[in-house]
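So you can see what is in the structure, the chains are spelled out below.
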Amino acid sequence: QVQLVESGGGLVQAGGSLRLSCAASGRSVTNLAMAWFRQAPGKERMFVAAIKWDGTMTRYADSVKGRFTFSRDNAENTVYLQMDSLQPEDTAVYYCAAHWRRLTTPSARPGEYIYWGQGTQVTVSS
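Rules used in this analysis
Residues numbered from 1 in each chain as written. Predicted model: local features only at pLDDT ≥ 70, side-chain atom pairs only at ≥ 80, totals over all residues. Heavy atoms only, no water. Helix = DSSP H or I, 4+ residues; strand = E, 2+ residues; numbered from the N terminus. Contact = heavy atoms within 4.5 Å. Salt bridge = Lys/Arg side-chain N within 4 Å of Asp/Glu carboxyl O. Buried < 20%, exposed > 50% of the residue type's maximum accessible area, 1.4 Å probe, protein only.

Now for the side chain of Ser21. Note that Ser21 resides in strand S3 (residues 18–25). Non-local contacts of Ser21, meaning those with residues more than four positions away in its chain, are made with Val5, Glu6, Ser7, Trp36, Thr78, Val79 and Tyr80.

Next comes the structure, spelled out in structure tokens:
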């Protein structure tokens, strides 16, 4: 039903910025709760940021709060993760995820999400 396609990953220097995009098809983002997760080498997939289905609430992992910003463009049916002040610890494959449940708050649990993108690599050099 829903396809998610990430883009925007790449190689950046520490302190630099990068914006990831996640384009959704099959369902409007106005009816989807969406999130970003990341998985570093040898580690489990970890929560990064999420947005409530109605776009009124966002939440962030402590490690990225103040540096990353989750936004949504309804006309483009796309969500974005603006990443500033990037550090080598941010190096990971970043995944876009979505679910259709109208939960009261954004979920940080990967098991809550039904739809997943293919992932995009972000590498931050020191």
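Before going further, it helps to spend a moment on unusual backbone geometry. A negative phi angle is the norm for most residues apart from glycine, just as the trans form is the norm for most peptide bonds. Located in the positive-phi region is Asn77, a residue other than glycine, with phi close to 55 degrees. The residue Asn77 is located in the loop between strand S7 (68–73) and strand S8 (78–83) in this model. At Ser85, a residue that is not glycine, the phi angle is positive and equals roughly 50 degrees.

Following the criterion strictly, the structure yields 6 salt bridges and no others. The partner of Asp90 in a salt bridge is Arg38, and the shortest N-O contact between them spans 2.9 Å. Placement of the pair is Asp90 in the loop between S8 and strand S9 (92–99) and Arg38 in strand S4 (residues 33–39), with a sequence separation of 52 residues. Here Asp90 ties to Arg67 by a salt bridge, and the two come within 2.8 Å at their closest N and O atoms. Here Arg67 lies in the loop between strand S6 (58–60) and S7 and Asp90 lies in the loop between S8 and S9, a separation of 23 residues in the sequence. The two residues Asp90 and Arg67 agree in class, both being buried.

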